[in-house]
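These are the residues of each chain, in order.
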Amino acid sequence: TSWSLKVGDTGPLLTALIAYSDDTSPDLTGATATFAMRDAWGSVVIPETACTVTATAHTVSYPWTTANTATPGEYTGEFTIRTAGGKIETHPSEVFQEYIRISIVPSFGNQITPAMPLIFDGSWILDGSQELDGIKNP
């Protein structure tokens, strides 16, 4: 499962259908759930945080905050469900989908303006102060 957001996004909710590989779902009646997320280096950026369980739809949802999406990068996340019967399950947990892959990318409004472009003519680089064939690099 993968999810993509832009810096500062708070929606849509991160929602996951809780199901097993045989297409059955656990009974989520009375269950509680948390969401946690780590960055690419393994540092926790969202510790186990309560999220919403919708038992009838077999889903769990996490509401993003601007603090959660402030830093562009690649992240992994997972939901931990505690059933009313006391069982603890982590989702996703299937082979090749051990985590939810989350990508947070800059939006146009918060990208860094690049420095003046350099022109390469094959032999040297113009930095804006030189001319190439009588044309000054703007």
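A brief look at the structure comes next. Within each chain, residues carry numbers counting from 1 in the order of the written sequence. In keeping with the model being predicted, local features are shown solely for residues with a pLDDT of at least 70 and side-chain atom pairs are shown and tallied solely at 80 or more, while totals for entire chains, interfaces and linings include all residues. Side-chain calculation: all heavy atoms of the structure are included, whereas hydrogens and water are not.

### What about the overall build of the protein chain?
A run of DSSP states H or I qualifies as a helix once it reaches four residues; a run of E qualifies as a strand once it reaches two. Both are numbered from the N-terminal end. When helices and strands are counted, the protein chain shows zero helices and 12 strands. Written out in order from the N terminus, the α and β elements of the protein chain read β-β-β-β-β-β-β-β-β-β-β-β. Contacts: residue pairs with any heavy atoms within 4.5 Å of one another. Put simply, 58% of the contacts in the protein chain that link residues at least 6 apart link residues at least 24 apart. Using the Shrake-Rupley algorithm and a 1.4 Å probe, accessible areas are obtained, with residue cover drawn only from the displayed protein chains. Carbon and sulfur atoms form 58% of the exposed surface of the protein chain, whose accessible area is close to 8700 Å².

### Things to note about the pairing of strand β4 (residues 44-54)
In this analysis, strands are considered paired if DSSP registers two or more bridges between them. Strand direction decides the pairing type here: strand β3 (residues 32-39) and β4, joined by five bridges, are antiparallel. Within β4, the residue paired with M37 across the bridge is I46. In textbook terms, the turn of a hairpin is the stretch between consecutive antiparallel strands, and for β4 and strand β5 (residues 59-62) this stretch comprises four residues, one of which, H58, has a positive phi near 60°.

### Let's talk about the nonpolar core
One finds F35, Y62, W64, F79, I81 and I102 to be the most contacted residues of the largest nonpolar core, which totals 21 residues. Of all the elements in the fold, those that place two or more residues in this core are β2 (14-17), β3, β4, β5, β6 (73-82) and β8 (100-105). We call a set of buried Ala, Val, Leu, Ile, Met, Phe, Trp, Tyr and Cys residues a nonpolar core when their side-chain atoms join them within 4.5 Å. Burial classification: accessible surface area is computed with a 1.4 Å probe over protein chains only, and a residue below 20% of its type maximum counts as buried, one above 50% as exposed, and the rest as partly exposed.

### Describing the environment of H91
Position of H91 among the secondary structure elements: in strand β7 (residues 88-91). Separated by 74 residues in the primary sequence, H91 and L17 have C-alpha atoms spaced 9.2 Å apart. Among all residues touching H91, those that are not within four sequence positions of it are I18, A19, Y20, E78, F79 and I81. Among the polar contacts listed, one links the side chain of H91 to the side chain of E89, at a separation of 3.0 Å. Polar contacts, as counted here, are pairs of nitrogen or oxygen atoms within 3.5 Å of one another; within protein the pair requires one atom able to donate a hydrogen and one able to accept it, and residues that are adjacent in sequence qualify only if both atoms are side-chain atoms.

### Concerning the packing of aromatic side chains
Planes of paired rings set the category: under 30 degrees apart is stacked, over 60 is edge-to-face and the rest tilted, where pairs are Phe, Tyr or Trp rings (Trp by its six-membered ring) whose centres lie within 6.5 Å. Considering all chains together, one arrives at four aromatic pairs under this definition. Ring centres of F35 and W64 lie 6.0 Å apart, and the angle between their planes is 80°; this geometry places the pair in the edge-to-face category. Pair noted here: F35 is in strand β3 and W64 is in the loop between β5 and β6, with a separation of 29 residues, a long-range link. You'll find F35 and W64 in the same group, each marked buried.

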